[in-house]
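Summary of structural features
Now for the letters of each chain:
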Amino acid sequence: MLSRIADSMYWMSRYQERAGETARLVEINLLYLLEAEEDMSEEDKWLPLLKISSSEELFSELYGAEALINSQRLLQFISSERGNSNSIRSSVRLFRENARVARDRISKEMWEMVNELWMSINDRLRSPLTAEKARPFFVLLRNEISRFDGITANTMMRGESYSFYELGAFMERADMTARILDVKYHLILPDLSRVGSALDYYQWAALLKSLSGFEAFRRKYHAGFRALDVVEFILFERDFPRSIFFSVETMGRALKTIGLENKERTAGAYFALREMLENTTAELVFASGLHEFLEDFLTKLGDLHAALSEDFFQ
Amino acid sequence: MNNHNGSSGNKPRISFHEFYDDDFTPRAHYRPLWDHIRATGQNSLEVKAHESQLALQTEGVTFTVYGESDEGIERIWPFDLIPRIITAMEWEKIESGLKQRVKALNLFLNDLYTDQKIIKDGVIPPELIYQGKDFRREIMGITPPQGIYTHISGIDLIRAEDGEYLILEDNLRTPSGVSYMIENRVIERRIMPEFFDKYRVRRVDHYPALLLDALRSLSPRGKDNAEVVVLTPGVYNSAYFEHTFLAKEMGVELAEGRDMVTINDIVYLKTTTGLQRVDVIYRRIDDDFLDPLIFRSDSTLGIAGVINAWRAGNVALVNAPGSGIADDKAVYPYVPDIIRYYLGQQPILKNVPTYQMTNQQDREYVFDNMEGMVIKAVSESGGYGMLMGPASTPQLRREFVDKVLENPRNYIAQPVVYLSRHICYMDGELEARHLDLRPFVIYGEDIQVVPGGLTRVALRKGSLVVNSSQGGGSKDTWVLSE
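Residues numbered from 1 in each chain as written. Chains lettered and ligands numbered in written order. Predicted model: local features only at pLDDT ≥ 70, side-chain atom pairs only at ≥ 80, totals over all residues. Heavy atoms only, no water.

**As for the overall build of chain B**
Within chain B one finds 14 helices and 23 strands. Computed over its C-alpha atoms, the radius of gyration of chain B comes to 23 Å, within 12% of the 23 Å expected for a compact globule of 482 residues. Based on the C-alpha atoms only, the size of chain B along its principal axes is roughly 65 × 55 × 50 Å. For chain B, with 482 residues in total, the buried portion stands at 58%. Long-range pairs, those at least 24 residues apart, make up 69% of the contacts in chain B between residues at least 6 apart in sequence. The distance from the centre of the 53 positive side-chain charges to the centre of the 67 negative ones in chain B is 2 Å. (Helix = DSSP H or I, 4+ residues; strand = E, 2+ residues; numbered from the N terminus. Rg over C-alpha atoms; globule rule 2.2 N^0.38 Å. Buried < 20%, exposed > 50% of the residue type's maximum accessible area, 1.4 Å probe, protein only. Contact = heavy atoms within 4.5 Å. Lys, Arg positive; Asp, Glu negative; His and termini not counted. Charge placed at Lys NZ, Arg CZ, Asp CG, Glu CD.)

What follows is the structure in structure tokens.
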């Protein structure tokens, strides 16, 4: 297939996934805040979100260096801000733009769905998103994105195009899951004495819920939320479709379909990623620092992305 | 063309009504449709109009309007429910007239780029050709396969006050609109299936198959070994919807210039598995942008080296470079002579009377009667660079006088033709609007005219401008089989 179209298939699904994952990211933050037992400043509540999406700089560029970080402004920044290319609106727009470029490769049903989605999201985001309206909006968005997944699974030809679609989706999912796990780190790090407290319980539960993994985790680990188990589950659970291991394994299958002959750089980057997950355990990760592990993982993911661009998209 | 005397100067003119007779009863071929509308009532039309809007929106049948925001403004394709119906007898004349015209224009192009007999014989003044912006000296002496230049033509027809079909202009470069012709039929069939019960309407949706067949027949490696691509300027082009539509319907790659590379006069696609040879390029970009090595060097839309590959016979370009000179509006008045010269036949379809601004007598007549004239720049299209006399201000008219005097070769004038009217469903009422017709002609192994076309409607009351970029709409166009 055309390199440019492969690139668009890949980005179409990355932006699709990014829109949904960004919603998860904000959702989990809102839940944390709901459970917070003490007063937190608006800035403490929302700054971590800017940090993990690496957008502090853009935020002050758009609203001024002195701009207060508050829920209203942050929700705007993350949901409807046109100047933020990772906002939900921008993600859905770029999701559709890339679908438009790859339109002769995707099914009619997929095109109509993404087209409708863009029109309805753009419409809803014309008025500012408030904290009260945020949750139903996120639920709707996530459901619609899942519907697109279903339509794709049921209408799109398997093969190279589909594999680039999967590659993009799971690349983005792995990236965002790592970042979501990192929110937890940012939020609890200042106060390690709270580990194991009631607050901690709610926070881990909220994290699992935002990753749609609450029930699955419960079934597997029964009572309690040991930090170690939760991290084990999110990083390494083979059968959980939002775990990092699952994402990386799915990417591997997609790469196999696309073919890695003469694509040493991509092959090398992928195996580095794979190795990182195989030669460790949750205990070891905790011992050397979860945040550091996640950072290293995100770097390797970036390497794989760069390799794909060089080997396939040019 | 000195037909001033006796041509209708100021007497009131009434445009032809396609739907009604002079005594306001529907014409015979519209009667079944009319009875049906009357029986179901206008409320049902309202519901149907809404349904058709939704369907076009969901399917993303759009066109892009240039300018303003960086996101580009995509508009939903405007569609009117009431079909336009052309009888089998009328169509027979249109079809034979278009075939004749396209055949002559291709002989003309081949002659211009080789022996130029028509100039030597004094039928066409040489300066008319050499001053034409779209005459491409760079390709002199090259004859494309079978001597065909315009594999796809979209010829605009209007109906004069007496109902006669006239040729308004030839579009021989990258005519667009065929996807909307097909989408209009798809929507009409879905929303108004009962309309079709009463008529035998000829099909138009096989157009992409005809096109693919014509394109494949041009492959230098043979018809069965043809890698065909549609070349688009990209997602922000106003006709991008059409480009994806055609690529998808034909099952071929939709490529941009940057997706291709020329090595040793062979064009390749850049794919995920390496380079892949291209045989036929259905290009939807203008000559100017096609090859930065030959034409505009600042073009980033084209493929460097493609003209040399074409010259070497290693790739087919559709339509062929240089075709634009044949639809230059200054050449248009000569087309009847061109038909007579190459085919020895009288033109079946007439031109609209046209004044040449290079002719002093014509020019003075036009300046004296500007309010009844349309003045057109010869190499513009899409309704740009045009003076509509009846709607113009004295200042605008003065400006046009200056422009014409500055470069007479660049302008022609035509008496305003009050385009025929048809009923349209506008906000709950059936109202008359002006319209034209663009049928599509494919010249492959033989010449075929798809029975139908794109009917464009001037949605503003009284307006004669049908271009979609300027508020035009459209109708499904039915050609009856008997």
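**Considerations on helix α7 (residues 131-155) of chain A**
A rise of 1.5 Å per residue sets the reference length of α7(A), with its 25 residues, at 36 Å; its end C-alpha atoms lie 36 Å apart and thus fit the reference within 8%. By the burial criterion, the buried members of α7(A) are A134(A), F137(A), F138(A), L141(A), R142(A), I145(A), F148(A), I151(A) and T152(A). (Expected span 1.5 Å × (residues − 1).)

**Comments concerning the sheet that holds strand β9 (residues 266-271) of chain B**
All names here are of chain B. Across the sheet, which stays open at both edges, the 3 strands sit in the order β8-β9-β10 with antiparallel pairing between neighbours. With partners counted over all chains shown, the strands left at the sheet margins are β8 (260-263) and β10 (274-277), one partner each. Looking at each pair of strands side by side, their axes are set apart by 40 degrees on average, direction ignored. (Pairing = 2+ DSSP bridges. Axes fitted to C-alpha atoms, helices over the stretch in contact; angles between N-to-C directions.)

**Focus on the confidence of the model for chain A**
Per-residue confidence for chain A gives a mean pLDDT of 88; residues scoring 70 or more make up 94%. Within chain A, helix α12 (residues 244-258) of chain A carries the highest mean pLDDT (96), whereas helix α9 (residues 198-210) of chain A carries the lowest (76). (pLDDT = per-residue confidence, 0-100.)

**Things to note about the pattern of salt bridges**
Should their charged atoms come close, side chains of opposite charge can pair. In total, this model carries 62 salt bridges over all chains according to the counting rule given. A salt bridge links R173(A) to E17(A); its shortest N-O distance comes to 2.8 Å. Of this pair, R173(A) sits in helix α8 (residues 160-188) while E17(A) sits in helix α1 (residues 3-35), and the two are 156 residues apart along the sequence. We classify R173(A) as buried; its relative accessible area is 10%. Given a relative accessible area of 4%, E17(A) falls into the buried group. Two residues, R274(A) and E249(A), come together in a salt bridge whose shortest N-O distance is 3.8 Å. Placement of R274(A) in helix α13 (residues 264-278) and of E249(A) in helix α12 is noted, with a sequence separation of 25 residues between them. Relative accessible area serves as the criterion here: at 24%, E249(A) is assigned to the partly exposed category. Each of K133(B), D134(B), R136(B), R173(B), R283(B), D287(B), D288(B) and D327(B) takes part in salt bridges that share partners, so that together they form one network. (Salt bridge = Lys/Arg side-chain N within 4 Å of Asp/Glu carboxyl O.)

**Description of the pairing of strand β4 (residues 152-159) of chain B**
Residues and elements named next belong to chain B. For β4, the tally of buried residues reaches 8 of 8 residues, placing the bulk of the element in the interior. Side chains of β4 alternate between two faces, with I152, G154, D156 and I158 and S153, I155, L157 and R159 buried alike. One ladder, built from 3 bridges, connects β4 with strand β20 (residues 440-443); its direction is antiparallel. Residue pairing across strands places S153 opposite V441, the latter belonging to β20. The pairing of β4 with strand β5 (residues 165-171) spans 6 bridges and is classified as antiparallel. Following the sheet pairing, I155 is matched in β5 by D170. The turn linking β4 back onto β5 is made up of 5 residues, and G163 within it adopts a positive phi angle of 95 degrees.

**Looking at the packing of aromatic side chains**
If you walk through the whole model with that rule in mind, you get 35 aromatic pairs over all chains. On the numbers, 5.2 Å between centres and 75 degrees between planes, the contact of F59(A) with F77(A) is edge-to-face. Residue F59(A) is located in helix α3 (residues 56-63), and its partner F77(A) is located in helix α4 (residues 71-79); the two are separated by 18 residues in the primary sequence. Considering the side-chain rings of Y113(B) and Y149(B), the 6.0 Å spacing of their centres and the 25 degrees angle between planes classify their relative orientation as stacked. Of this pair, Y113(B) sits in the loop between α3 (88-112) and α4 (117-120) while Y149(B) sits in the loop between α5 (126-130) and β4, placing them 36 residues apart in sequence. Judged by its relative accessible area of 0%, Y149(B) is buried. In textbook terms, an aromatic cluster arises when at least three aromatic residues are bridged by ring pairs, as seen for Y10(A), W11(A), Y15(A), F164(A), F312(A) and F313(A). The ring of Y162(A) is capped by R158(A), whose NZ or CZ atom sits 4.0 Å from the centre of that ring. Above the face of the F400(B) ring, K403(B) is positioned so that its terminal group lies 4.5 Å from the ring centre. (Phe/Tyr/Trp six-rings, centres within 6.5 Å; stacked < 30°, edge-to-face > 60°. Lys NZ or Arg CZ within 6 Å of the ring centre and 35° of its normal.)

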